[in-house]
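Single-letter residue listing:
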Amino acid sequence: MTELLLNHLGGRAQAGTGQGTILVDPVLGTELVRVDATGLDLAAGFAFARDHAGPALRALTYAQRGEMLAAAGKVLQARRDEYYAISTANSGTVRNDTAVDVDGAIFTLGAYARSAATLGARTHLVDGDAVSLSKDASFQSQHVQVPTRGVALFINAFNFPAWGLWEKAAPALLSGVPVIVKPATATAWLTQRMVQDVLEAGVFPPGALSVICGSSAGLMDQLKPFDVVSFTGSADTAAVIRSHPAIVRASVRVNIEADSINSAVLLPGEASGSASFDLFVKEVAREMTVKSGQKCTAIRRMFVPESLFDAAAEAIAARLQKNTVGNPRNDSVRMGSLVSRAQFDAVRAGLSGLKAHARTLYDGDTQALVDADRAVACCMGPTLLGATDPDANALVHDTEVFGPVATLMPYRDLPHALQLVQRGQGSLVASLYGSDNAALGSCALDLAASHGRVHAVSPEVAASHTGHGNVMPQSLHGGPGRAGGGEELGGLRALNFYHRRAAVQGAQAVLSQIH
Ligand code: NAP
């Protein structure tokens, strides 16, 4: 029987009492480990985090909690090779893709550990200056931000088991709020192992970090008014979460990161083969293949001037042709597999839906897999689609195929391009490519209302830009509308979600006590 992973809840390791769900290697088809959350006393676990870990964390200063984040980062760094092995086995990722998840997690922890130093030896935050509420200034109002006195429940997606945990846990723990994470079942192993390692190293107070692997049943029912919940996953599950009584009646604060039909736009005036054209092509091909397209931020729609449609299609296809797909253990492989058979089937179904409304410009499945059996491995090549009438094509603006699939479309002029981008109805990120700084700036502002992030690439940042899909801890992650309406990261802005803002009104002598 495969090993059963332990849950960590209520300050102790706990085994589920059911048969559990077996996690499978998506390349080899072999069974790896089991996860199970049957029989856990969720109410007691949540209460322990709220009543014991919360006060213990809040008794520390931001600087002290930052030191804990740094210590957690050291534990993870020391075990990095083991995490790479788990990621290869459970997520089917090549080393470069594992790095996005594992090294991205460690980097993000480090970034928050460093920012903690700027907050210093405080236990709450002062928000702005005091303002007078009376003519003689004897009665004033001072806003403060204090850590919420509940738990942070994270319900995470399968594609970033490491980064998806730490990009949320770092600001939560820095804020003094205990974390309970429920990773997506398919790839729960890496999350579970990282939490276990950090707990065994005694980095955080008991109950400050919990992991529940397996079914989500009953989790939302545990939420109380001062808890917060952060969800990353599909729009369908997001709708279920949003309508839960804890959210609707108890005003539990919720952050949703859902699906997103992100865009890349090559601005007008750039010739085929120009620096901006090449940057656009390179980034599109990279985004389609990194993590086999299983990135919430991946480019799904590309817009180019009509006159460049054929040249762009050819150039992107030429890059995709150099891609090799198969077993991530083989060093010649650049793109591993999708995370599971279920995802493989979902991507295939989504792709065939899109294919009915678009032309296939490049089909990566005509290439042989390297070291992998098509009948077993959840591997698929990248597919570039083309839709030459993007105005009439509703599906392409509305379908997120969560794999190595993207659609190229022509636009008439810049207003038309921006209008087509907006048909994603709110996205995590759009990237712009061009050499006209004024045009880049005005397009970025235009798209800012419907995007969490606008990534402008001009030739001068060719070597330094951080990539369309890479989420940096200093910059906001999240997007309005269809993307879920969430906000994460953005440096210390992330702490807002885990703090309550209050106005304290009184005499200046009283307010001076709360600085
Ligand atoms: P999903 O099916 O919605 O699952 C996400 C998480 O929700 C999993 O942990 C899942 O647990 C849990 N869950 C499922 N049903 C639930 C319920 N009724 N109540 C509470 N929790 C429930 O999504 P997915 O297929 O794993 O993820 C892929 C999607 O995530 C993509 O559409 C992608 O766009 C989106 N995504 C968005 C971002 C972002 O930052 N915006 C990042 C990554 C992914 P189980 O695994 O146990 O079912």
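Residues numbered from 1 in each chain as written. Predicted model: local features only at pLDDT ≥ 70, side-chain atom pairs only at ≥ 80, totals over all residues. Heavy atoms only, no water.

J.: Please set out unusual backbone geometry residue by residue, giving values where relevant.
T.: Phi at Ala137 takes a positive value of approximately 65 degrees, unusual for a residue other than glycine. Topologically, Ala137 is positioned in the loop between β6 (125–132) and β7 (139–147). (Helix = DSSP H or I, 4+ residues; strand = E, 2+ residues; numbered from the N terminus.)

J.: Could you give an account of the nonpolar core, naming the residues involved and the relevant values?
T.: Counting residues in hydrophobic clusters, the biggest one holds 60 residues, and the most contacted among them are Leu69, Trp166, Val198 and Phe204. Not counting the four nearest positions on each side in its chain, Phe204 is found in contact with Met68, Leu69, Ala72, Trp166, Leu173, Val198 and Leu209. If you look at the next biggest cluster of nonpolar residues, it comprises 30 residues, including Leu351, Leu354, Ala358 and Ala387. (Core = buried A, V, L, I, M, F, W, Y, C linked by side-chain atoms within 4.5 Å. Buried < 20%, exposed > 50% of the residue type's maximum accessible area, 1.4 Å probe, protein only. Contact = heavy atoms within 4.5 Å.)

J.: So, the sheet that holds strand β4 (residues 21–24): which residues are in play, and what are the values?
T.: One open sheet holds the three strands; their spatial order is β1-β5-β4, and the pairing between them is mixed. The sheet is open, and its two borders are formed by β1 (3–4) and β4, each paired with just one other strand. Sheet topology places β4 next to strand β5 (residues 31–35); four bridges connect them, and they run antiparallel. Counted as the bridge partner of Ile22 is Arg34 from β5. (Pairing = 2+ DSSP bridges.)

J.: Before we move on, can you summarise the site of the ligand with the specific residues and values?
T.: Taken together, 26 residues sit near the ligand, with Asn156, Thr185, Ser234, Thr237 and Glu400 positioned nearest. In this structure, Asn156 approaches the ligand through a main-chain N or O atom, which is 2.7 Å from an oxygen atom. The side chain of Ser234 places a nitrogen or oxygen atom 2.7 Å from an oxygen atom of the ligand. About the coverage of the ligand: the protein hides 79% of its 900 Å² of free accessible area. At the level of secondary structure, the elements contributing two or more residues to the shell around the ligand comprise β11 (228–232) and α7 (235–242). Element by element, the count of residues in the shell around the ligand is highest for α7, at three residues. (Near = heavy atom within 4 Å. Polar contact = N/O pair within 3.5 Å; in protein donor to acceptor, adjacent residues only side chain to side chain. Areas by Shrake-Rupley, 256 points an atom, 1.4 Å probe, with all protein chains shown as cover.)

J.: Tell me what's going on with the side chain of Gln196, and back it up with residues and numbers.
T.: Mapped onto the elements, Gln196 comes out in helix α6 (residues 188–200). Judged by its relative accessible area of 15%, Gln196 is buried. Within the local environment of Gln196, its side chain forms a polar contact with the side chain of Gln192, the two groups lying 2.8 Å apart. The contacts of Gln196, once residues within four sequence positions are left out, are Leu6 and His8.

J.: Let's hear about the side chain of Thr108: which residues, and what values?
T.: With respect to the helices and strands, Thr108 occurs in helix α4 (residues 95–119). Overall, Thr108 belongs to the buried group, its relative accessible area being 1%. Here Gly104 takes part through its backbone oxygen, which lies 2.7 Å from a polar atom of the side chain of Thr108.

J.: I'd like a description of a positive patch on the surface, backed by residues and values.
T.: Taken together, the side chains of Lys282, Arg319, Lys322 and Arg334 make up a positively charged region of the molecular surface. By secondary structure assignment, the location of Arg334 is in the loop between α10 (309–321) and α11 (341–355). By relative accessible area, Arg334 is classed as exposed at 52%. (Patch = residues over 30% accessible without salt bridge, like charges linked within 9 Å, V, L, I, M, F, W, Y side chains within 5 Å. Salt bridge = Lys/Arg side-chain N within 4 Å of Asp/Glu carboxyl O. Lys, Arg positive; Asp, Glu negative; His and termini not counted. Charge placed at Lys NZ, Arg CZ, Asp CG, Glu CD.)

J.: I'd love a proper account of the pairing of strand β13 (residues 262–266), names of residues and values included.
T.: The buried fraction of β13 amounts to five of the five residues, a majority that puts the element mostly inside the structure. In β13, alternate side chains face the same way, and those of Asn262, Ala264 and Leu266 on one face and Ser263 and Val265 on the other are all buried. Bridge count between β13 and strand β14 (residues 299–305): four bridges; the pairing is parallel. Of the residues in β14, the one forming a bridge with Ala264 is Met302. On the question of chirality, the crossover connecting β13 to the parallel β14 by way of helix α9 (residues 275–289) is right-handed. Pairing geometry for β13 and strand β18 (residues 427–433), over four bridges, is parallel. Following the sheet pairing, Val265 is matched in β18 by Leu432. (Right-handed = clockwise from strand over helix to strand, strands pointing away.)

J.: Quick one: what's the story with the domain arrangement of the chain, residue by residue and with numbers?
T.: Under the domain assignment used here, the chain contains domain 1 (3–258 + 488–514) and domain 2 (262–471). For domain 1 and domain 2, the distance between their C-alpha centroids amounts to 31 Å. The interface is formed by 22 residues belonging to domain 1 together with 27 residues belonging to domain 2. With both sides pooled, the region where domain 1 packs onto domain 2 buries about 1900 Å², and carbon together with sulfur makes up 63% of that total. Considering only the side of domain 1, the residues that lose the most area to domain 2 are Val27, Val94 and Phe158, jointly responsible for 28% of the buried surface there. Linking domain 1 with domain 2 are one salt bridge. Summed over the shared surface of domain 1 and domain 2, the result is six residue pairs in polar contact (both at pLDDT 80 or more). For the side of domain 1 that touches domain 2, the secondary-structure elements that each account for two or more residues are α3 (80–91) and α4. Sorting elements by how many residues they give to the side of domain 1 that touches domain 2 places α3 first, with four residues. For the side of domain 1 that touches domain 2, the per-class residue count stands at ten nonpolar, eight polar and four charged. (Domains from an automatic or database assignment. Buried area = accessible area lost by both parts, 1.4 Å probe. Nonpolar A, V, L, I, M, F, W, Y, C, P; charged D, E, K, R; others polar.)

J.: How would you summarise the packing of aromatic side chains if you had to cite specific residues and measurements?
T.: Under the defined criterion, the tally for this structure stands at four aromatic pairs. Judged by centre distance (5.3 Å) and plane angle (65 degrees), the ring pair of Phe160 and Trp163 falls under edge-to-face. One exposure class covers both Phe160 and Trp163, and it is buried. Lying over the aromatic face of Tyr62, Arg65 brings its terminal NZ or CZ to 4.7 Å of the ring centre. (Phe/Tyr/Trp six-rings, centres within 6.5 Å; stacked < 30°, edge-to-face > 60°. Lys NZ or Arg CZ within 6 Å of the ring centre and 35° of its normal.)

J.: Explain the pattern of salt bridges to me, and be specific about the residues and the numbers.
T.: Applying the stated criterion across every chain yields a total of 15 salt bridges. Between Lys168 and Glu488 there is a salt bridge whose closest N-O contact spans 3.1 Å. Residue Lys168 is located in helix α5 (residues 163–175), and its partner Glu488 is located in strand β21 (residues 488–489); the two are separated by 320 residues in the primary sequence. When sorted by exposure, Lys168 lands in the same class as Glu488, which is buried. Taking the shortest distance from any N to any O, the salt bridge between Lys295 and Glu287 comes out at 2.9 Å. Here Lys295 matches Glu287 in class, with each residue buried. Where salt bridges share partners, they join Arg79, Glu82, Arg193 and Asp197 into one cluster.

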